[in-house]
Each structure stands twice: as C-alpha cells, then as structure tokens.
Number of protein chains: 4
Amino acid sequence: MVAAVEDKAEAILHAALELFAERGFHGTSVPSVAERAGVAAGTIYHYFASKEALVNALYKQCKGAIQAEALSNFPFDAPPREQFRVTWSRLADFALSHPKEFAFLELHHHGTYLDAESKAIETRLVALGVATIQQAQASQALKMLDPNLLLEFGNGAFIGIFRAAMAGRLPFTKETFMTAEQCVWEAIRA
Amino acid sequence: MVAAVEDKAEAILHAALELFAERGFHGTSVPSVAERAGVAAGTIYHYFASKEALVNALYKQCKGAIQAEALSNFPFDAPPREQFRVTWSRLADFALSHPKEFAFLELHHHGTYLDAESKAIETRLVALGVATIQQAQASQALKMLDPNLLLEFGNGAFIGIFRAAMAGRLPFTKETFMTAEQCVWEAIRA
Amino acid sequence: MVAAVEDKAEAILHAALELFAERGFHGTSVPSVAERAGVAAGTIYHYFASKEALVNALYKQCKGAIQAEALSNFPFDAPPREQFRVTWSRLADFALSHPKEFAFLELHHHGTYLDAESKAIETRLVALGVATIQQAQASQALKMLDPNLLLEFGNGAFIGIFRAAMAGRLPFTKETFMTAEQCVWEAIRA
Amino acid sequence: MVAAVEDKAEAILHAALELFAERGFHGTSVPSVAERAGVAAGTIYHYFASKEALVNALYKQCKGAIQAEALSNFPFDAPPREQFRVTWSRLADFALSHPKEFAFLELHHHGTYLDAESKAIETRLVALGVATIQQAQASQALKMLDPNLLLEFGNGAFIGIFRAAMAGRLPFTKETFMTAEQCVWEAIRA
DNA sequence: CATGAATGAGTTTTCATTCAT
DNA sequence: TATGAATGAAAACTCATTCAT
C-alpha cells in the first residue's frame, strides 16, 4: 500500500529527526533510528541508500518545510518594518510548532555529510534574504551596512533565543520571540 | 620532564581542539587525535582517563581562557554602554585570536558528554551576565526585559556574526564585530 | 502460461549464468540476478528453492548441454584419431557458441554448494572418457599411461586455451582450438 | 617484537591462504580468517587495510614464491628440451610442496579484486614465457605456432594435472607431473 | 612515561529469504 | 503466479580502550 510505504519512510524520518536533533549525526546509529521507528535495521536501506542519504533527505524536508512556512505569500508590497515582522513571526511559528525540525536544521547546516543539493538550498535562502535586505536598504528603512551582517545578526539572535528557550532559560512562547523581534528591528533599522 | 609532560598534554589538547572543532566529538576518533598530536594512541590515556575526560578538559580550558580574556579587570565602575562595548570587544578579540577555541566552545556546549563541572562553568557565566544586566537595568540603561532574553540575544548575534565570518560570508575582522556591537546596543538599550 | 513460466525460469537461469560466470557464486547476489532477469527477487523463489538450488539447476542444464553437444552420435566405430578429433571439435564448437556456459562450468565445478547429483554428472562423464581412452589404448592408438592422466591432460589443455582466448591472449576461433587439437594428439598418441 | 609482528601477519596470511584456496575470496569472511589465525577480527586490519589488500598481499607473496622457485637460475644456455624439463620440474616441485599456494594462485588470478600491481606480475611472467618460447622456436626446437598457444597449452595441461591430483584422481607425485611433462614436450616440439 | 599491537563490541551496510498482498 | 517490502543475521570495517613491553 502506498500509505504503508509512506508511513514507514515517514516513521524513519521522524525517528531520525529526533535522534539527529538530540545527538547529532555521528552520535546517532542507524540501528537506534530503526528501533525508534519500529522497523528492522535493514528496512532503512530500502528507503535511503545510506545514513548520509537519510540526513540529506531529512535536511531537505525540514528546510523545505521552514521555507514553505516562512516564505509563502511573502508580503512583497508591505513596508520593510512589516516584512520583517511577518518573516520573524512566521519563523517563530515554525520554531514553536516544529522545535525538533528547527533544532535539527540548526545543528546540521554545517555538516560535511550534506550533499551539494542540500547546501544549495541554504545558499539560495541566504541570497533571497540578502536581496530583500538590499531592497529595504534602498528605501532607507535599514542601516546601510553589509546586508550579510544584518542577515546573520538577525539569524544569530533568533537562534540564540530559540536555544535558550529550548534549554528552559526563556519561556518557549510566541511572546518571547516577538519581544526579541522588536529589539532586532531597533538594531537594524536605519 | 615537567615541560615534556605539559608539552605532550598540550599537544594532545591542541590536536583535539582542531579535530573536535572541525568534526565534532563523535566525528573525531581518539587515534586521529593521537596522530595529529604526534603521540601514540595509548599516550592519550596517560593524560586523560577517557575520550570524554579529554573533551571536558578541553572545554574547561577553553571556557577558562575566554573567561580570562573577557572578564579580567571588568570595568565595574564604567557606565553600562562602556561595559557592554568593552565586553563585546574582548569577546571579539578572543574570537579573532582563538577562532578554533571559540568554534569548539560553540559546537560543544550542548553535548551530553559534558560533565557537571563543565556545565557549571557555563551556568556561572550566565548568572554573572544576568547580574550585570540587571544592574544596568537598575540604572535604566537597558530595556526592562527578561535579562536572559537580552543576554541570549546578544550572545546569539555574536555567534551568528562569528559563524558567518568563519564561513567567509563576512570579513573576519574586528571591524565586523564592532559594527555589530553598535547594532546590538541599539537593540538592548533602554 | 506454461510458456510464460518457462520464460521466467529461463530468464532467471540466463541472468544467473551471466552473473555467476562473471563474479562467481558468492560474488553474485540473488537480487542482482532478479534485476538482470527483469523479475522481482521473490519470484526467483517460486522457481528455485534457494540460491544453491539455482546454481545446481544451472550447472545441470549447462553440463547437460555440453554433454548433448559433445557426445551425441559419438562415432564409436571410427578410429581413435577420428574419435578424438570429433570430440575436441564438438567441445570447441560448444565453447565458441556458448562461452558463458563453458566459463560457468569451468568456474563452478569445484564449489561446495554443488549437490550430489551435480557432482555425479561430472563423475559419469569422467568415467565415460576413461572408458573410451582405455579402448583406444587397447587398440594401441594411445600411450599406455594412466587414462586419467591423458584425460585431465587434454581437459586442462582445452581449458587453458579457452581461458586465454576469453582473455584476448589468443584468437577466439575454431582454428585456435583445432591447432591445439593436433598438439594434444601428438602428446597422447602411442 | 619484530618476531611477534611477523608471526601475526604470517599467521593471518596462512589462514587466509587456506580459506581463500578452499572457498574463494567472496566465500571467505574476514572473521573466519581471524578465527583460523587465532587473532581478533580487528587485528587483521592492523596488518592489512582491507580484505582486498589481504588477498593482494597474499597473491603477491605466492606469485613471488613460485617465481623464485621456478625461475631462479634459469638455465639460459641449456637446450630447449632441457629448459622445458627444468621449468616444468620446478613448477611441479612447487606445486607438490606448496599445494595450497598453487591452488590459491590458480583460483584467484582472474579476480576483479586484484590490483594493478598483482596483475602486472602475471603479465610479466607471461611475457617472459613468450620470449623464451620464441627463442626456442628460433632454434627450431618448438612448433612454429603462436607462442601464446604453446604457453597456455602447457600451462593448462599442468593445471589440469594438478587439479586432478588434488582431487585424488591422480597420484599427487612428482612422477605424475614428469610423465605429463614428456607428453607436453611431444605436443609442442617441432 | 610512552608505545602501539591487540582486542571485541559497535558501526554501517548487504543480502538470502519470507510473506502479505 | 508474481511482487517487493520487510526482516535479521552476518558481512566488512572502526574505534575506544587496555596492556605487555
């Protein structure tokens, strides 16, 4: 059955997500993924050619999900302040509703086991962010600094908040993220 | 003899630093550390009881170094704006002069293999940061938000800048960090 | 239906022949046989009880084919010189027209996975050869040496020529074999 | 100790020789080699980088041994008849005193796992054989046929005799081989 | 102190075989 | 009859750790 196939692959991806997010790629064994997914070790190799293929599939799925949530219907015509708020809010929604996915992406975006395609997704996203920032700079809404600096600044701040919230040092709520949003805006606005 | 002992231990720690920072704890084998350190695999076990003991020793050493550089002679009597600038500047100096150490700390502060003592250092540092922030808030220099939020915000932004610089997406210079410093200040000041 | 059944079984045997001849029994996986035969892995087990049963079936088929080609209408009444030439010529024809079958037989006649029946075929053939040689010796056409020696000698020489021809070190032609035939005759004749 | 090291490596090579000769490369597992050698499975990888490296090392050692036995002090100045007898006799001595080595070489010289260096040894030997045959032809001692045919003919016959003797169908004695030698000479002489 | 050979449990991966569909 | 997903045992190989030297 198609449903069964998708269920198995999904179960494997889900188990892998949890374990990779917790212990990292090298800290997670294929049998442990199989056990948590409730399948035999060999079964994983019916769906994924190798452990590397598994992380990459997971990475693409998660990156796709965050992109879909964060960038669909981007308010191109809204003013920069609004664009920033919406983007940040959507990222917060994603992080709140998919903390494991977010943690996984955060932990693995530098891995040597990521293939070219996986890395390309990240690169495209950064390029999109930079372009949006440049537009906002053109309308004098943002500081005239290196767009990469503004981007990485916001990105880093978001991740810092997320990590602290996951560790219990901050409430893991929308409010926490939106409070930070206001701060970041003050940091980057012209 | 003492010098030789320290040399070997130091060589092992240095090799471990590079490899752990590059490939992570689980991605680094003890023999590979031995090889890079120019010692036999067994020698590592004269200085460190286990691979876990090795990371922890390294973690403590690096955390101690960053603490020494960032917090010695902290300008307790300076105004908050100055305190922040000095702290950020010193962190930047450390990150610029010890990028491997900084990357290592960044990559490992969540590891399940860190022992209680290692985690305690981090906790103490956070407490110190929070206390300093609260003082600055008392003098109405900073926003009246959860001090943890302000702390993690700044921390995250710093790390974001550092990572981007290491990846070549930003110039790896003091200027990059100090430009970001001004932004962060605008984000957190009252 | 019957045609289809034979087709599938035949396809499996053909695929197995190629792969076993190329890579040997242990070097060939059942799924790879299935893939080359264009059937599902499970289908193989409808026709053959196991991988061992498959090699044995193939072995018997090939041995039967070579026997049919080489021994049908054996010229019992011809003089030994003629009998030898005919036998050798027919073997050459078989090797030239069925190189994979010949190579397969050559590669597998010693396998521990061959069952008693498979081995018995070989034994019977050898006995037949020995008997024929003894007759020729009785008529003083051949050297009075151990018939097994004469048999294995010719057999080995044939295989040596075949292998070298397959490897491209000799032309893979009837002429090559018939030239060798003359040599062998001079080696064994009285 | 050097002796111990050589002993272990030698024990592994010896165990591998027996098993590879019996069951072939793919039919032999590394743990089974370890068990027969009396070492742990992991120990094999201290001496040989991989299972392939192990066969190749063994192949080179055996090929070297047979070359040393068969070709040292080759009687370049003797007449062809004598050269042939000496060579065959030495090969027979080797096969009789090192049957496993001979069987191993016979079984593996076509393997896809043999590296370039291993294959080169074989190629060089064949070239040497061909050159010697050509000289003998120049002095009209041998038939004026393709030297490769004469070489492979003799080689095949030798192997046929060897195999039959190993299988118990012929006495495994020097006499068996030397009787065959006389036959081969009659096959190839002018 | 220092070595590095040796271990054996653990890793990733393959594969002969089964079985629900 | 045919499929191919699923299994789990076993393969090749790695590695943290020990210990005789």
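The structure we're discussing is the one just above.
Remember, predicted model here, so these are calculated numbers, not experimental data.

A. Examining the pattern of salt bridges more closely. All names here are of chain C. This structure, assessed with the given rule, holds 56 salt bridges over all chains. E22 is the salt-bridge partner of R36, the closest N and O atoms lying 3.7 Å from each other. With a gap of 14 residues between them, R36 in helix α2 (residues 30–37) and E22 in helix α1 (residues 2–23) connect regions that are remote in the sequence.

B. Region of interest: the interface of chain D and chain C. Taken together, the 30 residues of chain D in the interface contact 30 residues of chain C. Carbon and sulfur atoms make up 68% of the surface buried where chain D meets chain C, a total of about 2500 Å² over both sides. For the interface between chain D and chain C, the tally reads 6 salt bridges. As a salt-bridge pair, R169 of chain D and E152 of chain C come within 2.7 Å of each other at their nearest N and O atoms. Where chain D meets chain C, there are 8 residue pairs in polar contact (both at pLDDT 80 or more). For the side of chain D that touches chain C, the secondary structure elements donating two or more residues are α6 (99–108), α8 (147–166) and α9 (174–188) of chain D. No other element matches α8 of chain D, which puts 10 residues into the side of chain D that touches chain C. In terms of residue class, the side of chain D that touches chain C is built from 13 nonpolar, 9 polar and 8 charged.

C. Structural detail: the nonpolar core. Formed by 108 residues in total, the largest nonpolar core has its most connected members in F104 and F153 of chain A together with F104 and F153 of chain B. When sequence neighbours within four positions are dropped, the list of residues in contact with F153 of chain A reads V184, A187 and I188 of chain A together with F153, A157, I161, A180, C183 and V184 of chain B. F158 of chain C together with A21, A165 and W185 of chain D belong to the second largest nonpolar core, which has 107 residues in total.

D. Broad picture of the interface of chain B and chain A. In this assembly, 30 residues from chain B lie in contact with 30 residues from chain A. Across the chain B/chain A interface, buried area totals approximately 2600 Å², and carbon plus sulfur atoms make up 68% of it. The three residues of chain B that bury the most area against chain A are L149, E152 and F153 of chain B, which together make up 21% of that side's buried surface. For the pair chain B and chain A, the number of links is 6 salt bridges. A salt bridge links R163 of chain B to E106 of chain A; the shortest N-O distance between them is 3.3 Å. Applying the counting criterion to the chain B and chain A interface returns 8 residue pairs in polar contact (both at pLDDT 80 or more).

E. Looking closely at the protein's contact with DNA strand F. Neighbouring residues of DNA strand F: 31 residues in total, closest T43 and Y47 of chain A, V30 of chain B together with T43 and Y47 of chain C. Counting only the atoms of DNA strand F within 4 Å of the protein, the fraction contributed by sugar and phosphate is 65%. In this structure, T43 of chain A approaches DNA strand F through a side-chain N or O atom, which is 2.4 Å from a phosphate oxygen. For DNA strand F, a phosphate oxygen lies 2.9 Å from a polar atom in the side chain of Y45 of chain B. Listing elements by their share of the surface near DNA strand F, those giving two or more residues are α3 (41–47) of chain A, α2 (30–37) and α3 (41–47) of chain B, α3 (41–47) of chain C together with α2 (30–37) and α3 (41–47) of chain D. Within the surface near DNA strand F, the residues separate by chemical class into 13 nonpolar, 14 polar and 4 charged.

F. Up close: the arrangement of the chains. At the C-alpha level, the nearest point of chain A lies 13 Å from chain C, with no contact between them. You won't find any contact between chain B and chain C; their C-alpha atoms come no closer than 32 Å.

G. Representation of the relation of the copies chain D and chain C in the model. Turning chain D through 179 degrees and shifting it by 0.0 Å along the axis lays it on chain C, with an RMSD of 0.2 Å. One copy is carried onto the other by what is essentially a two-fold rotation axis. Interface residue correspondence from chain D to chain C reaches 100%, placing this contact among same-surface, isologous pairings.

H. How the structure looks around the packing of helix α8 (residues 147–166) of chain B against helix α9 (residues 174–188) of chain B. Residues and elements named next belong to chain B. Between α8 and α9, the least distance of the axes is 11 Å, while the angle of their chain directions is 155 degrees. With respect to their mutual orientation, α8 and α9 come out roughly antiparallel. Our pair here, α8 against α9, has a crossing hand that is right-handed. From α8, L150, F153, G154, A157, F158, I161 and F162 reach across to α9, where they touch T176, F177, A180, V184, A187 and I188. When grouped by side-chain class, the residues that make up the contact of α8 with α9 number 11 nonpolar, 2 polar and no charged.

Here is what the cut-offs are and how they apply
As a convention, each chain's residues are numbered from 1 in the sequence order in which they are written. A letter from A marks each chain and a number from 1 marks each ligand, given out in the order of writing. Under the rules for a predicted model, residues below a pLDDT of 70 receive no local features and side-chain atom pairs below 80 are neither given nor counted, while totals for whole chains, interfaces and linings still include all residues. With hydrogens and water excluded, all non-hydrogen atoms of the structure serve as input to the side-chain values. Any carboxyl oxygen of Asp or Glu that lies within 4 Å of a side-chain nitrogen of Lys or Arg is treated as forming a salt bridge with it. Runs of H or I in DSSP of at least four residues are treated as helices and runs of E of at least two as strands, each being numbered from the N terminus. We call two residues in contact whenever any of their non-hydrogen atoms come within 4.5 Å of each other. The term buried area denotes the loss of accessible surface (1.4 Å probe radius) that occurs when two parts are joined, taken as the sum for both partners. Counted as a polar contact is a pair of N or O atoms within 3.5 Å, where, for protein atoms, one must be capable of donating a hydrogen and the other of accepting one, and residues adjacent in sequence contribute only when both atoms are in side chains. Each residue gets one label: Ala, Val, Leu, Ile, Met, Phe, Trp, Tyr, Cys and Pro are nonpolar, Asp, Glu, Lys and Arg are charged, and the others, such as Gly, are polar. Nonpolar cores were defined as sets of buried Ala, Val, Leu, Ile, Met, Phe, Trp, Tyr and Cys residues, with membership established by side-chain atoms within 4.5 Å. Residue exposure (1.4 Å probe, protein chains only): buried if accessible area is under 20% of the type maximum, exposed if over 50%, otherwise partly exposed. We call a residue near a molecule or strand as soon as one heavy atom of that residue lies within 4 Å of the molecule or strand. Overlaid copies result from least-squares superposition on C-alpha atoms, with residues included only where pLDDT is at least 70 in both. Helix axes use the C-alpha atoms of the stretch in contact, all axes being lines fitted to C-alpha atoms, and the angles between their N-to-C directions lie in the range 0 to 180 degrees. To sort the angles, those under 35 degrees are grouped as roughly parallel, those over 145 as roughly antiparallel, those from 65 to 115 as roughly perpendicular, and the leftovers as oblique. The sense of a crossing depends on the near helix, which, turned anticlockwise from the far helix by less than a right angle, makes the crossing left-handed and, turned clockwise, makes it right-handed.

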